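# Structure at a glance
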Amino acid sequence: MPSLTLGEALRASAARNARHEAIVDGERRITYAELDRRVDRLAYGLRARGVTTGAVVAVLSHNAHEILELYFACARLGAILCPINPRSSSEELAWTLDHSGAALVAVEAELQEPLRASGQANVPVVVHRGASSHSGWLAYESLIESAPAAGTDLGDPSPELPVLLLYTLKGQGKPLGALLSHANVLADTLTAMTYYGMSERDRVFQGMPLNHIAGLHMLTIAAFVRGATVVLARQWRPDIVCQLVAREQCTVTMMVPTAMRQLFESDAFKAADLRSLRTVVGAAGQYDRALFAEATYRLRLDQMLFGYGLTEASPIVTIAASTGETLWKENSLGWPVWYNRVRLVRPDGTDAGVEENGEIWVKGPNVFLGYHKAPTATAAALTPDGWLRTGDLARIDAEGCLYFAGRLGASIKSGGENVDAIEVEKAIVAAAPEVHAVAVLGRIDAKWGERVVACCVLKPTARLDAATLQERLRPHLAGFKLPREMHFLEALPMTESGAVDRVRLAEFLEATD
């Protein structure tokens, strides 16, 4: 297994591929030699502003090369990067910055006001992609330019140290901060080397958000380790995909099923030539054979793959590693990647049998260190002997292929984003005093994978409609967390223990469609 740090891995790629393009970001093109120099100088600049081993650097930004530079600079210092979703509400942003204990915040210029409004800008702030609008906030490029080109040693972090803090919605209404080590991150790059056939000639299109494990890791870091080129899009949009893939002759990308459908339905796709693509990796949603067969044909792909993973596993756990596997084993999760072990476990701790549902447990070098400031949640997720309890259910067929069967908790995966049902329920109760009881759940959706559904019971004589409730929720929840479907019921089905019976509720909703 890899014994390097992330910073050392970049250094090795720069030595081999100095003049090769590492990043294409709009009109900006950065070679490996330039990236290596900028990362060093950024690391010196961060250290001069109090960022040391174990310190957290938060970044609030849409996709940008600055996020990647900050990641590698933190790696060389032994510090920890914490990317934050730019769609976060001011309340969510304030909570994340406070809980992470960030020693410094990097912010995209257009997001300065949300940062100021969060009330958490009481640490050094660095602004990129535009001028600072607040006294004392430093320009990102000035930080790099003011740092020495070479100087004292930056240190020698251990590969077992944390390098990434990603908040994921697994908690009781609040996210949990998953800590990943250098070793975790580099273990995950083995997926790309083994199954995608990535080489330094590849050009990876990355439009998935870099604040998400799939955007930051599934292809991106592997590309840097291999010496390939990463072509960044500020956001995923069909016209941007078509423009950049064609212009930059991209060869590999990731697309969730929702995005794939949007691409094929767009006007931009009708006029685009995307034949440079050879491999597309799918994840994070329900798919059908027809969709992936269409993708294979219309994009003229060599490989149409599908993987399952989660933040705590850096992320890949299983993969359908060929187009044939993906198409024949329809809507499957594939097989475990070679460097980890997977079990399906019954509630009593024994292994589930063939065609029997069980919780997915995974063990390997990709399994995270634990949750930031959450020892109880860490103990619940990790067994004493190192197995990660994912909270996801699956069944296994006679050939060892896994199929998703639901979730143990209240997490919903919509459009590739995790939504915590309990967080949405609490927001509804806070925003709508008319609501007596509420249950939020996910329902299978052809476009989004799952959609967020809210079922509300109103207090006697109270009046409330879906549009009004949506408007009240907007200031408190990111857009992807807002319920796309609402039902007002006389009562919620309950279990004998007094909890909402989500299975019966889902069955009721299906019956009323």
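Residues numbered from 1 in each chain as written. Predicted model: local features only at pLDDT ≥ 70, side-chain atom pairs only at ≥ 80, totals over all residues. Heavy atoms only, no water.

The next subject is the overall build of the protein chain. The number of helices and strands found in the protein chain is 17 helices and 26 strands. Taken over the C-alpha trace, the protein chain has a radius of gyration of 23 Å; the compact-globule value for 513 residues is 24 Å, and the two agree within 12%. Projected onto its principal axes, the C-alpha positions of the protein chain cover 70 × 55 × 55 Å. Taking all 513 residues of the protein chain together, the buried fraction comes to 59%. Expressed as a percentage of contacts within the protein chain between residues at least 6 apart in sequence, the contacts between residues at least 24 apart total 66%. Within the structure as shown, the protein chain displays about 20200 Å² of accessible surface, and the carbon and sulfur contribution to it stands at 52%. Where the 51 positive side-chain charges of the protein chain centre and where its 59 negative ones centre are 3 Å apart. (Helix = DSSP H or I, 4+ residues; strand = E, 2+ residues; numbered from the N terminus. Rg over C-alpha atoms; globule rule 2.2 N^0.38 Å. Buried < 20%, exposed > 50% of the residue type's maximum accessible area, 1.4 Å probe, protein only. Contact = heavy atoms within 4.5 Å. Areas by Shrake-Rupley, 256 points an atom, 1.4 Å probe, with all protein chains shown as cover. Lys, Arg positive; Asp, Glu negative; His and termini not counted. Charge placed at Lys NZ, Arg CZ, Asp CG, Glu CD.)

The next subject is the sheet that holds strand E2 (residues 28–31). Across a sheet, paired strands are connected by hydrogen bonds in the backbone, their directions being either parallel or antiparallel. With mixed pairing, the 9 strands of this open sheet are ordered in space as E2-E1-E11-E10-E12-E13-E14-E15-E16. Each edge of the sheet is formed by a strand with only one pairing partner; in this case those strands are E2 and strand E16 (335–336). Taken together, the 2 bridges between strand E10 (residues 203–206) and strand E12 (residues 252–254) define a ladder with parallel strand orientation. Bridging from a neighbouring strand, valine 204 pairs with valine 252 of E12. Taken strand by strand, helix H9 (residues 238–248) contacts strand E1 (21–25), E2, E10 and strand E11 (229–232), and its axis lies near 170° from that of E10. (Pairing = 2+ DSSP bridges. Axes fitted to C-alpha atoms, helices over the stretch in contact; angles between N-to-C directions.)

Another point: the pattern of salt bridges. This structure, assessed with the given rule, holds 37 salt bridges. Among the salt bridges present, the one from glutamate 34 reaches arginine 28, with a minimum N-O distance of 3.1 Å. Salt bridges sharing partners connect three or more residues here, namely Glu21, Glu27, Arg29, Arg203, Arg247 and Glu248. (Salt bridge = Lys/Arg side-chain N within 4 Å of Asp/Glu carboxyl O.)

A separate point is the environment of leucine 81. In this structure, leucine 81 sits in strand E4 (residues 80–84). Classification of leucine 81 as buried rests on a relative accessible area of 0%. In the structure, leucine 81 is positioned 170 residues away from threonine 251 in sequence and 28 Å away in space, judged by C-alpha atoms. Not counting residues within four places of it along the chain, the set of residues in contact with leucine 81 comprises Val57, Val59, Ile67, Leu70, Tyr71, Cys74, Val163, Leu164 and Leu165.

Our focus in this paragraph is the pairing of E2. As paired elements, E1 and E2 share 4 bridges and run antiparallel to each other. Residue pairing for E2: valine 24 is matched across the bridge by arginine 29. Remark: 2 residues form the turn of the hairpin made by E1 and E2, two consecutive strands paired antiparallel; glycine 26 in that turn has positive phi of roughly 65°.

Taken residue by residue, helix H16 (residues 466–473) has Leu469, Gln470 and Leu473 as its buried positions. For H16, the buried positions fall inside an angular range of 105° around the axis, keeping them on one side. In this fold, the buried residues of H16 make contact with helix H15 (421–431), strand E25 (449–458) and strand E26 (485–488). Capping the start of H16 is the job of one residue whose side-chain oxygen sits 3.2 Å from the backbone nitrogen of alanine 467: aspartate 465. (Arc of directions from axis to C-beta. Polar contact = N/O pair within 3.5 Å; in protein donor to acceptor, adjacent residues only side chain to side chain.)

Let us look at the packing of helix H1 (residues 6–16) against helix H2 (residues 32–48). At a minimum axis separation of 8 Å, H1 and H2 run at an interaxial angle of 145°. As for how H1 packs across H2, the hand of that crossing is left-handed. Of H2, the residues touching H1 (which contributes Leu10, Arg11, Ser13 and Ala14) are Tyr32, Leu35, Asp36, Val39 and Asp40. By residue class, the composition of the contact of H1 with H2 is 5 nonpolar, 1 polar and 3 charged. (Left-handed = near helix turned anticlockwise from the far one by under 90°. Nonpolar A, V, L, I, M, F, W, Y, C, P; charged D, E, K, R; others polar.)

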